[in-house]
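Examination of the molecular architecture
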Amino acid sequence: MDISSVITLLSGLAFFLFGMTLMGDALKKVAGSKLETTLEKLTSNPLKGVLLGTFVTAIIQSSSATTVMVVGFVNSGIMQLSQAIGIIMGANIGTTATGWILSLASISSSGAANLLSTSTIFAVVAIVGIVVYMTGKSARRKNAGVILLGLAVLMNGMKTMSAAMEPLQESPAFLETLSVVSNPILCVAIGIAVTAMIQSCSASIGILQAMAVTGVIEYRTAVYLVVGMSVGACVPVLLSAIGANKNGKRAAFTYLYFNVVGGSIFLILFALASMAGWLSFMDGVATSVGIALINTVFKVFAVVILFPFRSLLSSMAINTFPDGPEDEEDKEFEANLLDERFLNYPAVALKQAKNTTDLMMAAAWKNMKRAVELLSEFQQLKFDKIQSREERVDHYEDKLGSYLVKLSAHNLSENENRRSAELLQSLTNLERISDHAMNIAELAQELHSKNMSFSEAARAGLEICERAVDEVMDLTFRALAENDMAAAVRVEPLEDTIDILTERLKAQHVNRLQSGSCTLEAGFVFNDLINNFERVADHCSNLALIVLETGKALELESHQYVELLKTNSGEYGGIAREYEKKYLQDLGRLEEMAAPEQTSLFARSGV
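No experiment lies behind these values; they were computed from the predicted model shown. Per chain, the residues get numbers from 1 upward, laid out in the order the sequence is written. Totals for whole chains, interfaces and linings use every residue, but because this is a predicted model, local features are given only for residues with pLDDT of at least 70 and side-chain atom pairs only at 80 or more, for both listing and counting. As a convention, hydrogens and water are excluded, and side-chain values are obtained from all of the structure's heavy atoms.

Regarding the packing of helix H12 (residues 219-232) against helix H15 (residues 288-306)
Between two packed helices, the angle of one axis relative to the other and the distance separating the axes together describe the packing. Definition in use: For helices, the axis comes from a line fit to the C-alpha atoms of the stretch in contact; other axes are also lines fit to C-alpha atoms, and the angle between any two N-to-C directions lies between 0 and 180 degrees. Under the scheme used here, helices are H or I runs from DSSP no shorter than 4 residues and strands are E runs no shorter than 2 residues, and both carry numbers assigned from the N terminus. Here the word oblique covers every angle except those under 35 degrees (roughly parallel), over 145 (roughly antiparallel) and from 65 to 115 (roughly perpendicular). In this scheme, a crossing is called left-handed if the near helix is turned counterclockwise away from the far one by less than a right angle; it is called right-handed if the turn is clockwise. Contact between two residues is taken to exist if any of their heavy atoms lie within 4.5 Å; hydrogens are not considered. Note on residue categories: nonpolar means Ala, Val, Leu, Ile, Met, Phe, Trp, Tyr, Cys or Pro, charged means Asp, Glu, Lys or Arg, and polar means any other residue, Gly included.
For the pair H12 and H15, interaxial distance at closest approach is 10 Å and the crossing angle is 50°. Put simply, H12 runs oblique to H15. When the axes of H12 and H15 are compared, the crossing they make is right-handed. Along its contact with H12, which presents Tyr 219, Ala 222, Val 223, Val 226, Val 227 and Ser 230, the element H15 presents Gly 290, Ile 291, Ile 294, Asn 295, Phe 298 and Lys 299. Its residues assigned to classes, the contact of H12 with H15 shows eight nonpolar, three polar and one charged.

Description of unusual backbone geometry
The condition that has to hold: Relative accessibility thresholds used throughout: buried, under 20% of the residue-type maximum; exposed, over 50%; partly exposed, between the two (1.4 Å probe, protein chains only).
Its identity as a non-glycine residue notwithstanding, Asn 451 has a phi of 55°, on the positive side. By the secondary structure assignment, Asn 451 is in the loop between helix H20 (414-449) and helix H21 (456-482). Accessibility expressed as a relative area gives 70% for Asn 451, which makes it exposed. One non-glycine residue, Asn 483, lies in positive phi territory at about 55°. Residue position: Asn 483 is located in the loop between H21 and helix H22 (485-515).

Digging into the nonpolar core
Soluble globular proteins tend to pack their nonpolar side chains together in the buried interior. Definition in use: In this text, buried Ala, Val, Leu, Ile, Met, Phe, Trp, Tyr and Cys residues form a nonpolar core when linked through side-chain atoms within 4.5 Å.
Counting 151 residues, the largest nonpolar core has Phe 16, Met 368, Phe 454 and Phe 533 as its most contacted members. Here the element with the most residues in this core is helix H23 (residues 520-552); it accounts for 15 residues. If we ignore the near neighbours within four places in the chain, the residues touching Phe 533 are Met 368, Val 372, Leu 375, Ile 440, Leu 462, Cys 465, Glu 466 and Val 469. One finds Val 50, Tyr 257, Ala 302 and Leu 306 within the second-largest nonpolar core, a separate group that totals eleven residues.

Regarding H20
Operational definition: For a helix, the expected span equals 1.5 Å multiplied by the number of residues minus one.
If you check H20, its first and last C-alpha atoms are 53 Å apart, about what 36 residues at 1.5 Å a residue would give, namely 52 Å. Remark: Asn 451 follows H20 within two positions and exhibits a positive phi of approximately 55°.

With respect to the environment of Val 125
With respect to the helices, strands and loops of the structure, Val 125 is situated in helix H7 (residues 118-135). A sequence separation of 27 residues divides Val 125 from Ala 152, and the C-alpha atoms of the two residues are 6.3 Å apart. Apart from the residues within four sequence positions on either side, Val 125 is in contact with Leu 148, Leu 151 and Ala 152.

Structural notes on the environment of Leu 480
Position of Leu 480 relative to the elements: it lies in helix H21. On the accessibility criterion, Leu 480 (10% relative accessible area) is buried. Taking C-alpha positions, Leu 480 is 9.9 Å from Leu 545, a pair spaced 65 residues apart along the chain. Leu 480 has contacts with Lys 354, Met 361, Ser 426, Leu 430, Leu 543 and Val 547, leaving out every residue within four places of it along the chain.

Some thoughts on the pattern of salt bridges
Heads up, the rule is: We define a salt bridge as a side-chain nitrogen of Lys or Arg found within 4 Å of a carboxyl oxygen belonging to Asp or Glu.
Going through the model one piece at a time under the given rule, you end up with 18 salt bridges. Between Lys 369 and Asp 470 there is a salt bridge, with the nearest N and O atoms lying 2.3 Å from each other. Taken together, the residues span a long stretch of sequence, with Lys 369 in helix H18 (residues 346-376) and Asp 470 in helix H21 at a distance of 101 residues. Using a relative accessible area of 30% as the deciding quantity, one classes Asp 470 as partly exposed. A salt bridge links Asp 484 to Arg 478; the nearest nitrogen and oxygen atoms lie 3.4 Å apart. Through salt bridges that share partners, Lys 369, Asp 470 and Asp 474 make up one connected network.

Some points on a nonpolar patch on the surface
What counts, and what does not: Every patch collects residues that have over 30% relative accessible area and no salt bridge, joining them within 9 Å if they carry like charges and within 5 Å if they are nonpolar side chains (Val, Leu, Ile, Met, Phe, Trp, Tyr). In this description, accessible areas are obtained by the Shrake-Rupley approach with a 1.4 Å probe, and a residue is regarded as covered only by the protein chains that are shown.
Taken together, the side chains of Ile 127, Ile 130, Val 131, Tyr 133 and Met 134 define a hydrophobic patch exposed on the protein surface, amounting to about 470 Å² of accessible area. Within the element layout of this structure, Val 131 appears in helix H7.

Quick look at the confidence of the model for the protein chain
Spelled out, the test is: For every residue, the predictor states its confidence as a pLDDT score lying anywhere from 0 to 100.
When the pLDDT values of the protein chain are averaged, the result is 80; 81% of them are 70 or greater. Mean pLDDT values for the elements of the protein chain range from 39 in helix H26 (residues 596-605) up to 93 in H15. When the criterion is pLDDT under 50, residues 109-113 qualifies, and its contacts beyond four places in sequence or with other chains add up to three contacts. Across residues 326-335, where pLDDT falls below 50, the model places 13 contacts with residues more than four positions away in sequence or in other chains.

Things to note about helix H10 (residues 184-198)
Quick reminder: α-helices carry 3.6 residues per turn. Residues three or four places apart thus point the same way. Operational definition: The directions from the helix axis to the C-beta atoms are what the arc is built from.
Given a rise of 1.5 Å per residue, 15 residues ought to cover 21 Å, and the 21 Å separating the end C-alpha atoms of H10 matches this to within 8%. Inspection of H10 places Cys 187, Val 188, Gly 191 and Thr 195 among the buried residues, and these make up the whole buried set. Each buried residue of H10 sits inside an arc of 100° when the element is viewed along its axis, so together they form one side. Among the exposed residues of H10, those oriented more than 90 degrees off its buried face are Ile 185 and Met 197.

Details of the environment of Gly 232
Topologically, Gly 232 is positioned in helix H12. For Gly 232, a relative accessible area of 0% gives the class buried. It is 9.1 Å that separates the C-alpha atoms of Gly 232 and Asn 259, two residues lying 27 residues apart in sequence. Once you skip the residues sitting within four places of it in the chain, Gly 232 turns out to touch Ile 192, Thr 195 and Ala 196.

So this is what it looks like as structure tokens:
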């Protein structure tokens, strides 16, 4: 083989790998962002796991990519190892789809039927692909064109490799090398090495199919190479598990053990059947279709044989990474949710970012509830828990912010970019709510440590404000967690009511200071409390607007939408009156009980 043939071979390999990547990426986009996220929604049914793993991998065209995602899910604690095994098994079957597609390149025609040759067919596919891509206005149509173009590039790369290898059938050096390679152990080792370098079992199978054109590869040799290539596909998965927790490492090694044990059983039975003379046809010349068949038979065989022994594979992985006596089950695996393995799969990464945002939201919500409770009865233990939870919320913000910035460097769709921006806005507002909760807890601590108390009127007004803020928080967090539009619509009218409520409470507070019924020191604390409640309601309004803008696909700025909502919505007015009646009337009764000069001050304040 001269230098020209080597360059031709390498160029064919380059087109082949590029076409495979191009087609796989476009297929994922056409299939939709839910393709990858469905992997984590499995129940304990392992058969569904096998079927889903097969389907997803047939689309992604890489068992390694599917398994890397599964390692991330197990590492994050959102999938059990027992659930992962089914998907891993299915991924091995799904990856055989590429081999069957590549076998089409070996189909040839002659004479009058030459019009239907694969070269002509895939030339037409390329032409149709570029027309669809150039004329497509929607992203989905453009991706359909890219699929066709990727397929054409893939098949032309395959044919280029096959053409470069054809002269090898007359090369004495190549034939001599093959006679040495026919050693089963060496064949398996070569298969492992090739796949480990390329990091794709589908690609290495394709190279073997291209070599079949030489006419000197026997089926017997192909069997050992295919098994070795399957084991070699574990290398990128094992590399991805570096830095994972024990469960993540166990998932990666389950993939390794499945292929090693399945391959060993297959080869032992293959050797016994050959010794018995049942497989004499294995001495024949391998074809591209035959190699695709061997690959499929081996993968299906391994799943059928090992499916009843899933727990054994799981035990092997657990024994490889056993729990030590000092290990404790990590109950809070929030940080692991943001696994960097997911960054290559934006839909999965955004889903996990949303899950972590929900955990951050729950922590902020609990902090606010507990902080308000401290105003009635201060407990140091509750205060310490609030402080600890506040540190966790800050940690969430740092991790989520960094993660979403890293994600933005990947190729995100317009919708994914928008969702990422919404999450960034959400986490900022959630962090500020938790900050205000901490402020309220510290004010409660100050009241307790200095043995200060509010007047009965101040306490009654504060309780009304607490109830209103509690309701706006409940509405906001329900809207955010469940994408509840009905709850989100009610937040802005209630926030406006809270603004009026806090202004009137401040005016009432000024009158108490002037009358001497409230000390100056306690007055400062009261005013700070009211300001913190008001700011919490403001951040709730921001969060609710994010939900509304997302649900209604608005192109307006937030403040523009609020103005439009207030001026043109009868629903808004009805909700606002409902909350005025619920909260402001109660406050009005308190004001009527105040001194006449205080009432006149309220009238002059215009609120």
